[in-house]
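Listed here are the chains, written in short residue letters.
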Amino acid sequence: MQFLSTQKPETHHDDYHLLLDSESALPVETDLKNGRRRKGASHVVATEAESQKHKLLEGAPVQRKAYLNKYALGGAILASTNSILLGYDIGVMSGAVLYIRENLDISSTQIEILVGSLNVCSLIGSLASGKTSDWIGRRYTIILAAATFLIGALLMGLAPSFLFLMLGRVVAGIGVGYSLMIAPVYVAELSPALTRGFLTSLPEVFINVGILLGYIANYTLSGLPEHINWRLMLGLAALPAIVVALGVLAMPESPRWLVVKGRLSEARQVLIKTSETKEEAELRLAEIVKAASVFSTSPADSSSLSQAASSSNWRGQGVWKELLLRPSRPIRRILISAIGVNFFMQASGNDAVVYYSPEVFKGAGIHNKKQLVGVTVIMGIAKTFFVLVSALFLDRFGRRPLLLLGSAGMAISLAGLGLGSKYLEYSNGSPGWAIALCVVAVCAAVSFFSIGLGPITWVYSSEIFPLRLRAQGSSLAISVNRLVSGLVAMTFLSISREISFGGMFFALAGIMVVGTIFFYYYLPETKGKSLEEIEALFEDEVVENPKVLVS
């Protein structure tokens, strides 16, 4: 499979070196509009690139074509399959709570705690996943995530009481926290630059597939007795967890983690399989070794790097201090960017709208349980379709345009939903146009989320941190994601009762307006750049001119 990039190289060939992989024709030192020259990892392979420059001068084609490597695609799909578990839980719980409430006779507050507890407890897994993946590797961390969720799903499916059900949610939440961090990081480290956006957005694609499967399970099992249907709905999540745990065994380890551990020969073999040519693999390896040289006392020498990594047995120590206690200005900006996009992803209220979609549609005048579940299936189809569209165009149009389109679209859709809800609140009857407006606005809001914040949050979180900070930096950002998601899910119904659904949706629309402004002024474009180059976007002399960030 082949993607064409819309990025075209400058006419001054001297400013470019030719990488033989899909990361080709990247600027070495580019004038960034403010007259300054960027420093960074772009010239890592300058020596090797000199031998290729003559090809450019002789008229060799430099059109950038991104080939979707089948081996990288297979690894990305296997890792992203883990995300089905979270999506399925989100989708299936929206319908299961209708029957749990009646069967276990629990209150609305207990429902909020039950729904939000998975997100809050996933904070534990998110925080632990960075250190764990630096220690045992990305691949085994994915297996650990699937196994933990498997235990939680079985506990929920067999729960005889509310407390037992809560225990299952806690365990499943820890597994979700692990999977949300590790899948995007693993895929980003495995992928070539020009297809990284598509491949790294696959976890969000699979989350939406899981949501849709959860809705379908709700609709299919809703006709069973109430003491059986919700247990089957929740317990069926154990099946994909088993498939994920077994499938991950066939995946390669992250080449960047292998380099940090000094296992260069293994990293080279993985890069050969995920590259178009052996030469491309060698150039990518040289760039990764350069980035990983912070772990070595002699960074210029690959063999000394191997010996240093093997002897030091680095397991991520010192990262939290560098991130939180003594961050440099570029690292501080990277951390704020990652935390900011994760905060607004969940402050948008998307997860809460999905979790409580039957309540939202009930407020819009739809009361039949079967109809409520049926409308959520339509919403799930819309979410899944648009996240696929976003994933396919991420590497063509870039992260920023789709992120800004998605967040602005969410603001408008949520405002429309608030307007329709307010009208129904003060109307004596239930006019069809107001009900239709609410249904369309909900579907539009989750669709715009799937275009922008949904996939791009995972892409940004996994690609903007430097190698030494990537796992634990991403885990910190995603912990904020999980915390905000849990707080919103656990307070959504309570706040809505106080200020009405219409007021709640107007508030969420305001949050998305602020988020759109933040994204416009603070997040740079990262498409087409290797992970080792992206750190340069946040260097002091680049960020001093805000126009550069939005170019």
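Worth saying up front: this structure is predicted, and the values here are computed from it rather than measured.

J.: Would you take a moment to explain the overall build of the chain for this structure?
T.: The secondary structure content of the chain amounts to 26 helices and four strands. Taken across its 551 residues, the chain has 61% of its residues classed as buried. Here the chain has roughly 20500 Å² of accessible surface; of this, 65% comes from carbon and sulfur atoms.

J.: Help me understand the packing of aromatic side chains in this model?
T.: Within a pair of aromatic rings, the relevant descriptors are the distance that separates the centres and the angle that separates the planes. Taken as a whole, this structure holds 12 aromatic pairs when the rule is applied. Measuring from centroid to centroid gives 5.0 Å for Tyr-520 and Tyr-521, while their planes differ by 85 degrees, and the two rings are edge-to-face. What makes Tyr-520 partly exposed here is its relative accessible area of 38%. These aromatic residues form a ring-pair network of at least three members: Phe-343, Phe-344, Phe-518, Phe-519 and Tyr-522. Above the plane of the ring of Tyr-140 lies Arg-139, whose end atom (NZ or CZ) is 4.8 Å from the centre.

J.: Help me understand unusual backbone geometry, please; the structure alone is not making it clear to me.
T.: If a residue is not glycine, its phi is most likely negative; likewise, a peptide bond is most likely trans. The residue Asp-105 is not glycine, and still its phi comes out positive at about 55 degrees. Looking at where Asp-105 falls in the secondary structure, it is placed in the loop between helix 3 (83-104) and helix 4 (108-136). Positioned with a positive phi, Ser-500 is a non-glycine residue whose angle comes to about 80 degrees. Following the sequence through the fold, Ser-500 ends up in helix 23 (residues 467-522). Note on Ser-500: relative accessible area 12%, which makes it buried.

J.: I keep staring at the side chain of Glu-204 and nothing clicks. Help me out?
T.: The topology assignment puts Glu-204 in helix 8 (residues 202-221). Buried charge without a partner: Glu-204 forms no salt bridge, and the closest opposite charge is Lys-383, 4.9 Å away. Beyond its immediate stretch of four places on either side in the chain, Glu-204 contacts Met-345, Val-387, Phe-449, Gly-454, Pro-455 and Trp-458.

J.: Explanation requested: the environment of Phe-465 in the structure shown.
T.: One can find Phe-465 in the loop between helix 22 (453-463) and helix 23. Those residues in contact with Phe-465, other than ones at most four positions away along the chain, are Leu-323, Ile-334, Leu-335, Ala-338, Arg-470, Gly-473 and Ser-474.

J.: What am I meant to see in helix 8 here?
T.: With 20 residues, helix 8 extends 28 Å from end C-alpha to end C-alpha; this agrees with the ideal 28 Å at 1.5 Å per step. Among the 20 residues of helix 8, 15 are classified as buried, and the element is accordingly described as predominantly covered.

J.: Just to check I follow, could you spell out the packing of helix 2 (residues 70-80) against helix 8 for this structure?
T.: Two quantities define a packed helix pair, namely the angle between the axes and the distance from one axis to the other. Close contact between helix 2 and helix 8 brings their axes to 9 Å; oriented N to C, the two are set at 45 degrees. As judged from the angle between their axes, helix 2 and helix 8 are oblique. In terms of crossing hand, the pair formed by helix 2 and helix 8 is right-handed. Where helix 2 abuts helix 8, its residues Leu-73, Ala-76, Ile-77 and Ser-80 lie against Leu-202, Pro-203 and Phe-206.

J.: How should I be thinking about the nonpolar core in this particular structure?
T.: The nonpolar side chains of soluble globular proteins are, as a tendency, buried together. By size, the foremost hydrophobic cluster in this structure holds 145 residues, and its most contacted members are Met-93, Ile-100, Leu-165, Trp-230, Leu-234, Phe-492 and Phe-519. At 17 residues, the largest contribution of residues to this core is made by helix 23. Those residues in contact with Trp-230, other than ones at most four positions away along the chain, are Ala-96, Tyr-99, Ile-100, Asn-103, Leu-104, Met-156, Ala-159 and Leu-165.

J.: I would appreciate a short explanation of helix 16 (residues 329-347) in the present structure.
T.: Owing to its 3.6 residues per turn, the α-helix brings residues three or four apart onto one side. For helix 16, with 19 residues, the first-to-last C-alpha span of 26 Å sits near the 27 Å given by 1.5 Å per residue. The buried fraction of helix 16 amounts to 14 of the 19 residues, a majority that puts the element mostly inside the structure. Trailing helix 16 by a residue or two, Gly-349 shows a phi angle of about 80 degrees, which is positive.

J.: In this structure, what is going on with the side chain of Arg-169? I would like to understand it.
T.: Tracing the sequence through the fold places Arg-169 in helix 6 (residues 162-190). If sequence neighbours within four positions are ignored, Arg-169 has contacts with Asp-89, Met-93, Leu-114, Val-115, Ser-117, Leu-118, Met-156 and Tyr-355.

J.: What am I meant to see in the pattern of salt bridges here?
T.: For side chains bearing opposite charge, pairing can occur when the charged atoms are close. Considering all chains together, one arrives at 10 salt bridges under this definition. One salt bridge in this structure joins Glu-189 and Arg-470, with 3.1 Å as the shortest N-O distance. Placement of Glu-189 in helix 6 and of Arg-470 in helix 23 is noted, with a sequence separation of 281 residues between them. Overall, Glu-189 belongs to the buried group, its relative accessible area being 0%. Residue Arg-470 is classed as buried on the basis of its relative accessible area, which comes to 1%. The shortest N-O distance in the salt bridge between Glu-463 and Arg-196 comes to 2.7 Å. Pair noted here: Glu-463 is in helix 22 and Arg-196 is in helix 7 (residues 196-200), with a separation of 267 residues, a long-range link. We classify Glu-463 as buried; its relative accessible area is 1%.

J.: How do you make sense of the confidence of the model for the chain when you look at a structure like this?
T.: Caution applies to low-pLDDT regions: their predicted coordinates should not be interpreted in detail. Of all residues in the chain, 78% attain a pLDDT of 70 or more, and the chain-wide mean is 76. When mean pLDDT is compared element by element in the chain, helix 16 scores highest at 91, while strand 2 (residues 16-17) scores lowest at 31. Long-range and interchain partners of residues 296-312, a stretch whose pLDDT sits below 50, account for 19 contacts in this model, where long-range means more than four residues apart. Low pLDDT, under 50, characterises residues 540-551; the predicted model gives this stretch 33 contacts beyond four residues in sequence or across chains.

Conventions adopted
Within each chain, residue numbers correspond to sequence positions counted from 1 in written order. Residues qualify for local features only when their pLDDT is at least 70, as the model is predicted, and side-chain atom pairs are given and counted only at 80 or more; totals for whole chains, interfaces and linings, by contrast, use all residues. The side-chain quantities take in all heavy atoms of the structure and omit both hydrogens and water. Strands are runs of DSSP state E lasting at least two residues, helices are runs of H or I lasting at least four, and both sets are numbered from the N terminus onward. Between buried and exposed lies partly exposed: a residue is buried under 20% and exposed over 50% of the maximum accessible area for its type, with that area taken using a 1.4 Å probe on protein chains only. Computed by Shrake-Rupley with a 1.4 Å probe, the accessible areas treat only the displayed protein chains as cover when residues are assessed. Centres within 6.5 Å are what make two rings of Phe, Tyr or Trp a pair, Trp counting through its six-membered ring; a difference in plane orientation under 30 degrees is then read as stacked, over 60 as edge-to-face, and the rest as tilted. Charge-over-ring contacts are defined here by two conditions on Lys NZ or Arg CZ: a distance within 6 Å of the ring centre and an angle within 35 degrees of the ring normal. Asp and Glu count as negative and Lys and Arg as positive, but His and the ends of the chain are not part of the count. Salt bridge, as used here, is a side-chain nitrogen of Lys or Arg placed within 4 Å of a carboxyl oxygen of Asp or Glu. Residue contacts are counted whenever heavy atoms from the two residues lie within 4.5 Å of one another. Expected span of a helix, by definition, is 1.5 Å for each gap between consecutive residues, and there is one gap fewer than residues. To get an axis, fit a line to the C-alpha atoms, keeping to the stretch in contact for a helix; angles then go from 0 to 180 degrees between the N-to-C directions. Comment on the angle field: the value is read as roughly parallel under 35 degrees, roughly antiparallel over 145, roughly perpendicular from 65 to 115, and oblique elsewhere. Take the far helix as your reference; a near helix turned counterclockwise from it by less than a right angle gives a left-handed crossing, and one turned clockwise gives a right-handed crossing. By convention a nonpolar core is built from buried Ala, Val, Leu, Ile, Met, Phe, Trp, Tyr and Cys residues, the set being connected through side-chain atoms within 4.5 Å. The pLDDT value tells you how sure the predictor is about a given residue, anywhere from 0 up to 100.

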